[in-house]
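Reading the structure
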Amino acid sequence: MTDRRVCDNVYIAGVMTNPPSLGEFEQVVLLAVLRLGENAYGVSIRAEIGARTGRKPAPGALYTALDRMEEKGFVQSRWGDPTPQRGGRAKRYFTVTKRGRVAVISAQRSYQNLLEGLDLFGGANA
Amino acid sequence: MPNAVCAEWLIARFTDRRRAAAAVGDLLEVAAEQGPLWFWSSVAGIVLSLTWRRLVALLAAFLCLSLLRTFPMPVLAPLHGIPTAHKVPENWRPFFVTLDKFGMLLWIAAPYAAICYGFRDKLSQLLLVASAIATTIIFYWWIPAVASTAFALGIGVLIFSVAAAKPRRALLAVGVALGVGFCGVQFMLHLWQEYLALFPLSATGFSLSANSLPLLAVAIQTAACGWMHRFVRRALQRGPEIESTA
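So, here's what we can say about the structure. What you see is a predicted model; the values in this text were computed from it and never measured.

Some words on the packing of aromatic side chains
Residue and element names in this part refer to chain B.
- Enumeration over the complete set of coordinates arrives at ten aromatic pairs over all chains.
- Ring geometry for Tyr 112 versus Tyr 117: centroids 6.3 Å apart, planes at 90°, classification edge-to-face.
- On the basis of relative accessibility, which here comes to 6%, the residue Tyr 112 falls in the buried class.
- Judged by its relative accessible area of 21%, Tyr 117 falls in the partly exposed class.
- Aromatic pair Tyr 140 and Trp 142: ring centres 6.3 Å apart, planes at 40°, arrangement tilted.
- Tyr 140 sits in the partly exposed class, given a relative accessible area of 42%.

A few points about helix 2 (residues 17-34) of chain B
All names here are of chain B.
- End to end, helix 2 covers 25 Å across 18 residues, agreeing with the expected 26 Å (1.5 Å per residue, within 8%).
- Those residues of helix 2 that sit buried are Ala 20, Ala 21, Ala 22, Ala 23, Val 24, Gly 25, Asp 26, Leu 27, Leu 28, Val 30 and Ala 31.
- Where helix 2 starts, the residue carrying a side-chain oxygen 3.2 Å from the main-chain nitrogen of Arg 18 turns out to be Asp 16.
- A positive backbone phi angle near 95° is found at Gly 35, which sits one or two residues after helix 2.

Quick word on the state of the cysteines
All names here are of chain B.
- Counting across every chain of the model gives zero disulfides over all chains.
- Free of any disulfide, Cys 183 has its nearest cysteine sulfur in Cys 225, 15 Å distant.
- With no disulfide partner, Cys 225 has as its closest neighbouring cysteine sulfur the one in Cys 116, 9.0 Å distant.

Parameters at a glance
Residues numbered from 1 in each chain as written. Chains lettered and ligands numbered in written order. Predicted model: local features only at pLDDT ≥ 70, side-chain atom pairs only at ≥ 80, totals over all residues. Heavy atoms only, no water. Phe/Tyr/Trp six-rings, centres within 6.5 Å; stacked < 30°, edge-to-face > 60°. Buried < 20%, exposed > 50% of the residue type's maximum accessible area, 1.4 Å probe, protein only. Helix = DSSP H or I, 4+ residues; strand = E, 2+ residues; numbered from the N terminus. Expected span 1.5 Å × (residues − 1). Polar contact = N/O pair within 3.5 Å; in protein donor to acceptor, adjacent residues only side chain to side chain. Disulfide = S-S within 2.5 Å.

Geometric descriptors of this kind do not, in isolation, establish any biological role.
Written out as structure tokens, the structure is:
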């Protein structure tokens, strides 16, 4: 195992003991950015969320969430090249940071733990 | 095609220019299918989502300051008919006058930071604790147990903040923000006195301290809080290198 890998695992283990909290919408946005990889920018993130969840977020809500998550260190943004169909405006691409990944994993684990042993599709609660 | 330059200018009033340009670029991509009505409603939505929290925070800061000003401060005891027992001793007056001024600034800064940045933010937490301690001392200095507990709590918070890295940055930010607020308000008052000396306005009945000073104090103090919050954020983001790598 390389030093870098050891360092990453130590970091993740450290953060997992006190994981940063994520709202439901923040989780959705982070997962969409993770799915899109290198091509995650405003339009594609909105489209991905719409395609996967059936609800398209308002642009204002999406940009505010992305800004807030960038401030918290969950995502990083970089600038693309200006394109003519955008009136010469550059795209702002997003990538999920290690801290963001840890936050998503932690939030999803919490859901998994809560779902464990529940029979949602049968029984008295069906 | 919608007037993208106008939309970009509008959004750039509330965020930085590059982010505004990227947002408008995104809207332009989709506006070809959705039409100008969708474009402009989205621009309005972006502006609203960028500003609502700050507007509510500014209003709350102003209301909190106005609320504090309705309570007679013990340092002004002879003026407001406060019981003599609560009157600040003469040799403590300079301390209490200064504390009153900082207390007012804290009552602006604490609600603003709590609404704008949330209760988990270190700057908000420190401002809320500081305003609670300052308020307790200002109004209950004459009860020895309360005053000594508040002083002890204040010293404890100070020691805790200096000892750890994150609270230390927040403490520095609070100190600078309050310093800027204090100096700013004093400077405005000084300018006003100079102005009055040149152009006496007493006949109009206009008083800066009664009419405009609360608004000016809110504007100066909240701006200082905003700058210092950015400083704390940037310092925390720099952090250890491993935290920022993808």
